[in-house]
Amino acid sequence: MIGIFDSGIGGLSVFREIRKVLPEESYAYFSDNAHCPYGEKSKEYIIERAREITRFLIGKGADIIVVACNTATAAAIAALREEFPIRFIGMEPAVKPAAQSTRTGVVGVLATAGTLKATKYIDTRAKWAQGVRIVEHVGQGFVEIVEKGMTEGTETDEIVKASLKPLLDEGADRIVLGCTHYPFLTGSIRKTAGLLYPERDIEVIDPAPAVARHLLEVMEEEGLVRKDGFRMELHSSGDSRQLEETYRKLL
Ligand code: DGL
């Protein structure tokens, strides 16, 4: 069984891609929405949450876990790998493909404060950003609106614009989504970018398809692919309505 967790429903944007490459597996998804958002929480706090959720998912039968949260990956995946004897697949902002394809030479990264200050992100950035300029912004309020199901509309567009415009004003033509909640705002991000800079060829980059391919490779290597029929269990630490509704929309 594949365990997947996030601070909320963001990990469903990763599950959506995983299911395309592993359509016949059993899944257990955990939304830690009683403790969401993780973005501003301490590393120690996130490690403790990640441990508890990992124990829960292993108890449900998970034999591989996708940390479908950039903030939790940055804070906790190293600790999880040390403590638990199973494989963990994490998220990484897609700085590499963005740096390779930018035409303006400026890459914009949207992520949480926790991800942007983590050593893991700073190392990725240093490794791939040679010759291009990377500009960053926290997606202020993005996680909160996605958790409420507000993925479109005037209010959403205004919230998106406030964090996106500074990156575009710097010249960015690649926008890396460094938080798994943000892909649910791709429509608004594209629309806002098109209105602000209609002449620029702006691309929004989500790492989820690459993470899904990596998971498939690891599962094949480890003999974990079962193909015994699709199943999904949804769990959450708080109100599960938004999780269930978003999940239904994905199917
Ligand atoms: N979905 C998250 C991430 O990828 C966490 C957002 C949050 O809880 O602040 O970073």
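Here is a short report on the structure shown in this document. (Residues numbered from 1 in each chain as written. Predicted model: local features only at pLDDT ≥ 70, side-chain atom pairs only at ≥ 80, totals over all residues. Heavy atoms only, no water.)

**Description of the sheet that holds strand 3 (residues 64–67)**
If you trace the five strands from one edge of the open sheet to the other, you get 4-3-1-2-9, paired in parallel fashion. The sheet is open, and its two borders are formed by strand 4 (87–89) and strand 9 (231–236), each paired with just one other strand. On average, each strand axis in the sheet is inclined to that of its neighbour by 20°, with strand direction left out of account. Relative to strand 4, strand 3 is paired through three bridges, and the arrangement is parallel. Looking at the pairing, V66 lines up with I89 of strand 4. Strands in contact with helix 2 (residues 43–60) are strand 1 (2–6), strand 2 (26–31), strand 3, strand 4 and strand 9; relative to strand 1, the strand with the most contacts, it is inclined by about 155°. Helix 3 (residues 70–83) contacts strand 1, strand 3 and strand 4 of the sheet and is inclined by roughly 170° relative to strand 4. (Pairing = 2+ DSSP bridges. Helix = DSSP H or I, 4+ residues; strand = E, 2+ residues; numbered from the N terminus. Axes fitted to C-alpha atoms, helices over the stretch in contact; angles between N-to-C directions. Contact = heavy atoms within 4.5 Å.)

**Remarks on the packing of helix 8 (residues 154–169) against helix 9 (residues 186–196)**
Contact pair helix 8 / helix 9: the axes reach a minimum separation of 9 Å and the direction vectors enclose 60°. For the element pair helix 8 / helix 9, the angle class is oblique. Seen from above, helix 8 lies across helix 9 with right-handed handedness. Touching T156, D157, V160, K161, L164, K165 and L168 of helix 8 are S188, I189, K191, T192, A193 and L196, all from helix 9. Broken down by class, the residue content of the contact of helix 8 with helix 9 amounts to six nonpolar, three polar and four charged. (Parallel < 35°, antiparallel > 145°, perpendicular 65-115°, else oblique. Left-handed = near helix turned anticlockwise from the far one by under 90°. Nonpolar A, V, L, I, M, F, W, Y, C, P; charged D, E, K, R; others polar.)

**With respect to the sheet that holds strand 8 (residues 203–205)**
Ordered by their spatial adjacency, four strands build an open sheet running 6-5-7-8, and the pairing between neighbours is parallel. Each end of this open sheet is capped by a strand with a single partner; those strands are strand 6 (133–138) and strand 8. Across this sheet, the average inter-strand angle for adjacent strands is 25°, counted without regard to direction. Of the pairings in the sheet, the one linking strand 7 (residues 174–177) to strand 8 comprises three bridges and is parallel in character. Considered in strand 8, the bridge of R174 is made with E203. Packed on one face of the sheet, helix 9 meets strand 5 (106–111), strand 7 and strand 8 and runs near 155° to strand 8.

**Observations regarding the site of the ligand**
Not every one of the 14 residues close to the ligand is listed here, only the nearest: S7, Y38, N70, T71 and H181. One of the backbone N or O atoms of N70 is found 2.7 Å from an oxygen atom in the ligand. Contact between the ligand and H181: a nitrogen atom at 2.8 Å from a side-chain N or O atom of the residue. Relative to its unbound accessible surface of 300 Å², the ligand loses 99% to contact with the protein. In the shell around the ligand, the residues fall into six nonpolar, seven polar and one charged. (Near = heavy atom within 4 Å. Polar contact = N/O pair within 3.5 Å; in protein donor to acceptor, adjacent residues only side chain to side chain. Areas by Shrake-Rupley, 256 points an atom, 1.4 Å probe, with all protein chains shown as cover.)

**Side note on the nonpolar core**
Ranked by internal contacts, the top residues of the largest apolar core, which has 47 residues, are I2, I4, I18, V66, L110, I175 and L215. Per element, the largest residue contribution to this core is six residues, and it comes from helix 10 (residues 208–221). Beyond its immediate chain neighbours, meaning those up to four positions away, I18 contacts I4, Y27, V66, A212 and L215. Formed by 23 residues, the second largest nonpolar core is a distinct cluster that contains I53, A75, A76 and I77. (Core = buried A, V, L, I, M, F, W, Y, C linked by side-chain atoms within 4.5 Å. Buried < 20%, exposed > 50% of the residue type's maximum accessible area, 1.4 Å probe, protein only.)

**Side note on helix 3**
The first and last C-alpha atoms of helix 3 sit 19 Å apart over 14 residues, in line with the 20 Å expected at 1.5 Å per residue. Along its length, helix 3 shows its largest kink, about 60°, at A76. Counting buried positions along helix 3 yields ten of 14 residues, so the element is predominantly enclosed. Every buried residue belonging to helix 3 is among N70, T71, A72, T73, A74, A75, A76, I77, A79 and L80, and all of these are buried. Looking at the buried side of helix 3, the elements it contacts are strand 1, helix 2, strand 3, strand 4, helix 5 (113–117) and helix 6 (119–128). (Expected span 1.5 Å × (residues − 1). Bend = angle between axes of the 7 residues up to and from the residue.)

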